[in-house]
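Descriptive structure summary
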Amino acid sequence: MATPTVPIMERGEGVWAVTEAGERYLDAVSGTFNLPLGYSHPAVVDAVVAQARRAMHVGSSMASPLKEEFTRKLAALAPAGLDAVWLRDITGSTAVECAVRITQKATGRPGVLTFFYGHHGQTLYTTGLAGPAFRREAFPATSSIPAAVRAPAPYCLRCFYDAQPATCGVKCVDKIDEILTYAATSRIACLIVEPVFGNGGNIVPPAAFFPKIRRFCSERGILLVADEVQTGLGRTGHMFASVALGLDPDIIVLAKGLGGCGVPLAAVLMRGELDVLERHEHSFTSGAHLLGLAAGIATLEVISSPSFLADVRRRGRLLGERLRRLSHRHRGIGEVRGLGLMWGLEMVTVDGGRDVERANRIVEVARDRHRLLLRTSQYGRGNVVKVRPALVASEAELDEIVDRLDAVLGETAEPSVPAPAHSRVLQA
């Protein structure tokens, strides 16, 4: 199969990716969701350049004041009770593994509970934790990983139990006891959940979901891990989505946006009594590297500045309202859902099924004809078109994203697809 021709980026400017030929592409998905401050925020650029002139790496036999400064700033922003920080990762995949190691050592249990549509990384271990089977089927070794149990995700539009949203009662949580019948609860160390199921389709759980999850874990001595690799650091309009949505986790995993403009950096926040790992039990050569720490410090300063997140929430509501109007104008949009600047449009067929083909076509047409960068869910196997611009996108740039998407939806429309029966817009 021939590899499709893709634009070659020469530089980035805010939410714009510029090619060698000078063509400007409007990036509506923040790179790989890891550019909360856009491609070239001056605060991050200046911090990284200044640090690069001093040193780009420090070995484990020496200390760096940057690590202490970053740890102090992150801990000051952390939810109450999460007062310990582990800084030996550069990517979300291994940081999730770190969280699992912490829970296994702290509890003495091996098992992990995850959800259908959950996505927790690309390493062999985190692939084994994934919800979708297509992520695991080519790798037999993942079958031996004690992930043990995967529970139905809180996907209201496509409820696993065919419940109606108005009368559901969050059956996806109530049924977990039954699902655990074949796996001893006493062997589960932790439950890992994304506040918004990102790669699974931008699934926003109903309000009752997370309090029930918290109670479920507390009653069984299971540690609750919030995978905030995609949602953390302001993406939903809150510093931590798990706090805003009532999850109250024991551990939070951060990566992607932590480096502001794509600089690799990851961290694990936890309750102090869970700081049980020795250095040799989880550590990587480039963990807490100096350029990442410099970028992280600058990023935290920008995002935590007065009114920044409130403004993200305000612009997120505006973006949600405009996307909702698209769902009324165009056929084949089954649902619009999101928080802050993290949105998804679910594309449906005439019978309400998943329209994967159109979702992929929308991304291709957007890029090739309208210079608009979008992504779909589940690595092109899903039917949700994601809209997640950088947190610094202006109202005019958000309008431009929607205008271009409007044109793309018109060009990819199927005349036989009926208008949607409903379209929810979820906001916080």
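Conventions used here
Residues numbered from 1 in each chain as written. Predicted model: local features only at pLDDT ≥ 70, side-chain atom pairs only at ≥ 80, totals over all residues. Heavy atoms only, no water. UniProt positions renumbered as here; feature names shortened; annotations may be inferred. Helix = DSSP H or I, 4+ residues; strand = E, 2+ residues; numbered from the N terminus. Rg over C-alpha atoms; globule rule 2.2 N^0.38 Å. Buried < 20%, exposed > 50% of the residue type's maximum accessible area, 1.4 Å probe, protein only. Areas by Shrake-Rupley, 256 points an atom, 1.4 Å probe, with all protein chains shown as cover. Lys, Arg positive; Asp, Glu negative; His and termini not counted. Charge placed at Lys NZ, Arg CZ, Asp CG, Glu CD. Polar contact = N/O pair within 3.5 Å; in protein donor to acceptor, adjacent residues only side chain to side chain. Contact = heavy atoms within 4.5 Å. pLDDT = per-residue confidence, 0-100. Pairing = 2+ DSSP bridges. Right-handed = clockwise from strand over helix to strand, strands pointing away. Salt bridge = Lys/Arg side-chain N within 4 Å of Asp/Glu carboxyl O. Axes fitted to C-alpha atoms, helices over the stretch in contact; angles between N-to-C directions. Parallel < 35°, antiparallel > 145°, perpendicular 65-115°, else oblique. Left-handed = near helix turned anticlockwise from the far one by under 90°. Nonpolar A, V, L, I, M, F, W, Y, C, P; charged D, E, K, R; others polar.

- The protein chain carries the name Aminotransferase class III-fold pyridoxal phosphate-dependent enzyme in an unreviewed UniProt entry, which gives Chelatococcus albus as its organism.
- Regarding the protein chain, the UniProt comment filed under Cofactor (unreviewed entry) reads as follows: "pyridoxal 5'-phosphate".
- One UniProt comment on the protein chain, placed under Sequence similarities (unreviewed entry), says "Belongs to the class-III pyridoxal-phosphate-dependent aminotransferase family."

Some details on the overall build of the protein chain
- Along its length, the protein chain carries 13 helices and 15 strands.
- For 428 residues, the compact-globule formula gives about 22 Å, and the C-alpha radius of gyration of the protein chain, at 21 Å, lands near that figure.
- For the protein chain, the spread of C-alpha atoms along the principal axes amounts to about 65 × 60 × 45 Å.
- Across the 428 residues that make up the protein chain, the buried fraction comes to 55%.
- Of the accessible surface of the protein chain, which amounts to about 17,600 Å², a share of 52% is contributed by carbon and sulfur atoms.
- When the 48 basic and 44 acidic side-chain charges of the protein chain are each reduced to a single mean position, those positions are 2 Å apart.

Some thoughts on the side chain of H120
- In this fold, H120 is placed in the loop between β5 (111-115) and α5 (124-129).
- Given a relative accessible area of 3%, H120 falls into the buried group.
- A distance of 2.7 Å separates a polar atom in the side chain of H120 from a polar atom in the side chain of D227.
- In this structure, H120 is in contact with G92, S93, V96, T114, T126, L129, I192, V193, E194 and D227, ignoring residues within four places of it in sequence.

Overview of the environment of P140
- Residue position: P140 is located in the loop between α5 and β6 (149-151).
- Note: C-alpha distance between P140 and C261 (121 residues apart in sequence) is 36 Å.

Details of the confidence of the model for the protein chain
- Across the protein chain, the average pLDDT comes to 90, with 92% of residues at or above 70.
- Within the model, pLDDT remains below 50 along residues 417-428, and this stretch shows 44 contacts once partners closer than five positions in the same chain are excluded.

Re the pairing of strand β7 (residues 188-193)
- Along β7, 6 of the 6 residues are buried, which leaves the element largely enclosed by surrounding structure.
- By the bridge criterion, 3 bridges tie β5 to β7 in an arrangement that is parallel. Residue pairing in the sheet places V112 in a bridge with C190 of β7.
- Following the chain from β7 across helix α8 (residues 209-220) to the adjacent parallel strand β8 (residues 223-227), one finds a crossover that is right-handed.

Description of the pairing of β8
- Taken across its 5 residues, β8 has 5 buried, putting it largely inside the fold.
- Residues L223, V225 and D227 point to one face of β8 and L224 and A226 to the other, with burial holding for every one of them.
- Here β7 pairs with β8 via 4 bridges, running parallel. In the sheet register, V193 faces β8, and the bridge partner there is A226.
- Pairing analysis gives 3 bridges linking β8 to strand β9 (residues 251-254), with the strands arranged parallel. For A226, the partnering residue across the bridge sits in β9 and is I252.

A few points about the sheet that holds strand β14 (residues 375-376)
- Pairing is antiparallel in the open sheet, where 4 strands are placed in the order β11-β12-β15-β14. What marks the edges here is a single partner per strand, and that holds for β11 (333-339) and β14.
- In this sheet, strand β15 (residues 384-387) lies alongside β14 in antiparallel orientation, the contact comprising 2 bridges. Looking across to β15, one finds that T376 is bridged to V385.

As for the side chain of E97
- Mapped onto the elements of the fold, E97 is located in helix α4 (residues 92-107).
- Of the side chains with opposite charge, R101 lies nearest to the buried E97, which makes no salt bridge, at 4.7 Å.

So, the packing of helix α11 (residues 308-329) against helix α13 (residues 395-411)
- Remark: α11 packs on α13, axes separated minimally by 10 Å, with the N-to-C direction vectors making an angle of 15 degrees. What the angle tells us is that α11 and α13 run roughly parallel. With respect to the hand of their crossing, α11 and α13 are arranged in right-handed fashion. In this structure, α11 uses R314, R315, L318, L319, R322, L323, L326 and R329 to contact α13, whose residues at the interface are E395, L398, D399, V402, D403, L405, D406 and L409.
- Of the residues contributing to the contact of α11 with α13, the split by class is 8 nonpolar, no polar and 8 charged.

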